[in-house]
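One letter stands for each residue in the lines below.
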Amino acid sequence: MRRVIAIDGPAASGKSSTAAAVARAIGAHHLDSGALYRGLTRVALDLNSLDPSSIAAEAARRKLGLDHDGREIVPFLDGRPAESVIRTSEVTAAVSAVAAIGPLRDWVNDRLRAAASDDWVLVLDGRDIGTVVFPEAVLKVFLTATPEARARRRLAQRGEDSNERMLALETERLAARDALDAGRAVAPLRQAPEAVLVDTTSLGFQDQVARIVALARKALS
Ligand code: DC
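What this report covers is the structure whose coordinates are included nearby. Residue indices follow the written sequence of each chain, beginning from 1 at its first position. Only residues with pLDDT of at least 70 are given local features in this predicted model, and only at 80 or more are side-chain atom pairs given and counted; all residues enter the totals for whole chains, interfaces and linings. The basis for every side-chain value is the complete set of heavy atoms in the structure, and neither hydrogens nor water enter the calculation.

**Notes on the layout of surface pockets**
It is the rolling of a water-molecule-sized probe over the atoms that shows where space remains empty.
Moving on, step 1. Cavities and pockets were defined on a 1 Å grid built over protein atoms only: a cavity is a set of grid points that admits a 1.4 Å probe from which the probe cannot escape, a pocket is an open set flanked by protein on both sides within 12 Å along at least five of seven lines, and lining residues are those with an atom within 4 Å of any such point. Grid points are joined across faces, edges and corners, and a volume is the space filled by probe spheres set on the points. Of the volumes computed, that of the largest pocket is approximately 1,200 Å³.
Moving on, step 2. Around the largest pocket sit 46 residues that line it, and A12, R38, R87, R154 and R177 are the ones nearest its centre.
Moving on, step 3. Across the lining of the largest pocket, the residue classes break down as 14 nonpolar, 15 polar and 17 charged. Residue polarity follows a fixed list, in which Ala, Val, Leu, Ile, Met, Phe, Trp, Tyr, Cys and Pro are nonpolar, Asp, Glu, Lys and Arg are charged, and the others, Gly among them, are polar.

**Some details on the site of the ligand**
Moving on, step 1. The immediate surroundings of the ligand are formed by 16 residues, with R38, R105, D128, R177 and R184 found nearest.
Moving on, step 2. A distance of 3.2 Å separates an oxygen atom of the ligand from a polar atom in the side chain of S96.
Moving on, step 3. The definition of a polar contact used here is a pair of N or O atoms within 3.5 Å, where within protein one atom must be able to donate a hydrogen and the other to accept one, and adjacent residues in sequence count solely through side-chain atom pairs. At a separation of 3.3 Å, an oxygen atom of the ligand approaches a polar side-chain atom of D181.
Moving on, step 4. All accessibility values rest on the Shrake-Rupley procedure with a 1.4 Å probe; residue burial counts only the protein chains present in the view. Contact with the protein chains removes 96% of the 450 Å² of surface that the ligand exposes when unbound.
Moving on, step 5. Cavity and pocket membership follows a simple rule, namely that a molecule belongs there if more than half of its atoms are within 2 Å of the grid points. Here the ligand is seated within the largest pocket.
Moving on, step 6. Numbered from the N terminus, helices here are DSSP runs of H or I no shorter than four residues, and strands are runs of E no shorter than two. Contributions of two or more residues to the shell around the ligand are made by α2 (34–47), α5 (89–99) and α9 (164–183).
Moving on, step 7. When its residues are assigned to classes, the shell around the ligand shows four nonpolar, four polar and eight charged. A molecule or strand has a residue near it when one of that residue's heavy atoms lies within 4 Å.

**Topic: the environment of D181**
Moving on, step 1. Checked against the element boundaries, D181 lands in helix α9.
Moving on, step 2. In the structure, D181 is positioned 140 residues away from T41 in sequence and 15 Å away in space, judged by C-alpha atoms.
Moving on, step 3. Only heavy atoms enter the contact rule, under which two residues are in contact if any of them lie within 4.5 Å. Setting aside residues up to four positions removed in sequence, D181 forms contacts with S96, R127, P188 and L189.

**Focus on the pairing of strand β2 (residues 29–32)**
Moving on, step 1. Type-normalised accessible area, obtained with a 1.4 Å probe on protein chains alone, sets the label of each residue: buried when under 20%, exposed when over 50%, and partly exposed for intermediate values. The alternating pattern of β2 places H29 and L31 and H30 and D32 on opposite faces, both of which are buried.
Moving on, step 2. In this description, strands pair whenever DSSP reports at least two bridges between them. Where β2 meets strand β4 (residues 72–77), two bridges bridge the pair, whose relative direction is parallel. For L31, the partnering residue across the bridge sits in β4 and is I73.

**Concerning empty space enclosed by the protein**
Moving on, step 1. For the structure on display, the rule yields one cavity of 30 Å³ or more.
Moving on, step 2. In this structure, the largest cavity is lined by A6, D8, G130, T131, K140, V141, F142, R190, Q191, A192 and A195.
Moving on, step 3. Ranked by the residues each element gives to the lining of the largest cavity, the list is headed by strand β7 (residues 139–144), at three residues.

**Some details on the side chain of R105**
Moving on, step 1. Take R105: it is sitting in helix α6 (residues 102–115).
Moving on, step 2. A polar atom in the side chain of R105 sits 2.9 Å from the side chain of D128.
Moving on, step 3. For R105, the contacting residues outside a window of four places in its chain are Y37, A99, D128, R184, V186 and A187.

**Re the pattern of salt bridges**
Moving on, step 1. Should a side-chain nitrogen of Lys or Arg be within 4 Å of a carboxyl oxygen of Asp or Glu, the pair is scored as a salt bridge. This model, assessed by the stated rule, comprises 16 salt bridges.
Moving on, step 2. Here D32 ties to R87 by a salt bridge, and the two come within 3.1 Å at their closest N and O atoms. Pair noted here: D32 is in strand β2 and R87 is in the loop between α4 (83–86) and α5, with a separation of 55 residues, a long-range link.
Moving on, step 3. Under the relative-accessibility criterion, R87 is labelled partly exposed at 37%.
Moving on, step 4. Put simply, E170 and R158 hold a salt bridge, and the shortest N to O gap is 2.9 Å. Placement of the pair is E170 in helix α9 and R158 in the loop between α8 (147–157) and α9, with a sequence separation of 12 residues.
Moving on, step 5. The structure contains a network of salt bridges with shared partners spanning R42, D46, R62, D78 and E90.

**Side note on helix α10 (residues 205–220)**
Moving on, step 1. With 16 residues, α10 ought to run about 22 Å at 1.5 Å a step, and its terminal C-alpha atoms sit 22 Å apart, in line with that.
Moving on, step 2. What α10 keeps buried is the set Q208, V209, I212, V213 and A216. Seen from one end, α10 has its buried residues packed into an arc of 135 degrees, which puts them on one side. Exposed positions of α10 whose direction lies more than 90 degrees from the buried face are Q206 and K218.
Moving on, step 3. Considering only its buried residues, α10 is in contact with β1 (3–8), α1 (15–26), β7 and β8 (196–199). Here a helix's expected span is defined as the number of its residues, less one, multiplied by 1.5 Å. The reported arc concerns the directions from the helix axis to the C-beta atoms and nothing else.

What is shown is where atoms sit, not what they do.
Have a look at this one:
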């Protein structure tokens, strides 16, 4: 039986780094589903099109897909690891629009489901993992923090100044992305009724990881 741990939540809630640390602690595989939406967005920007069939055809031509780096499952594009080309501000600004296109969500979900195996536990983070992609997940966590706390972390991560103006701007940007992700018609960002809410506004990183590791061990036992 496939065993998936779903970690969903809004932008910059620390899902991906938390999910990776949880996976390391319990010897599971980890996959950040947003990376595939970012990969499709890179392709859409290069193609200058939002037509799903053209994007899917170009993604196939450029071999957008997933591969293993140890227990991390990571995106590849043009035969190379895609991380550096999918984390740009250009991709971040455009990705919510791409992620709202139904046929492209199906494209991503097919690949996420294919990456889950009977042979390992998969920690998967995203927006709709517990609600849509793996409703049968053994554990669902909804990770959140106030927009201001998330903005502060995002700025610190990028090594940028967190003066009041920058903080207000980043908070606004995150709120706009949350609104797009939560307001779209297909698979909107929302907490599954059975998901455990973990609010990290005043939790340290190690504490939030420890809390989820404990939940994961219990769910898997
Ligand atoms: O987590 P992230 O910022 O890398 O995600 C990029 C975008 O992809 C974000 O705007 C929401 C979208 N996304 C989604 O709609 N569903 C997922 N399961 C993962 C990400």
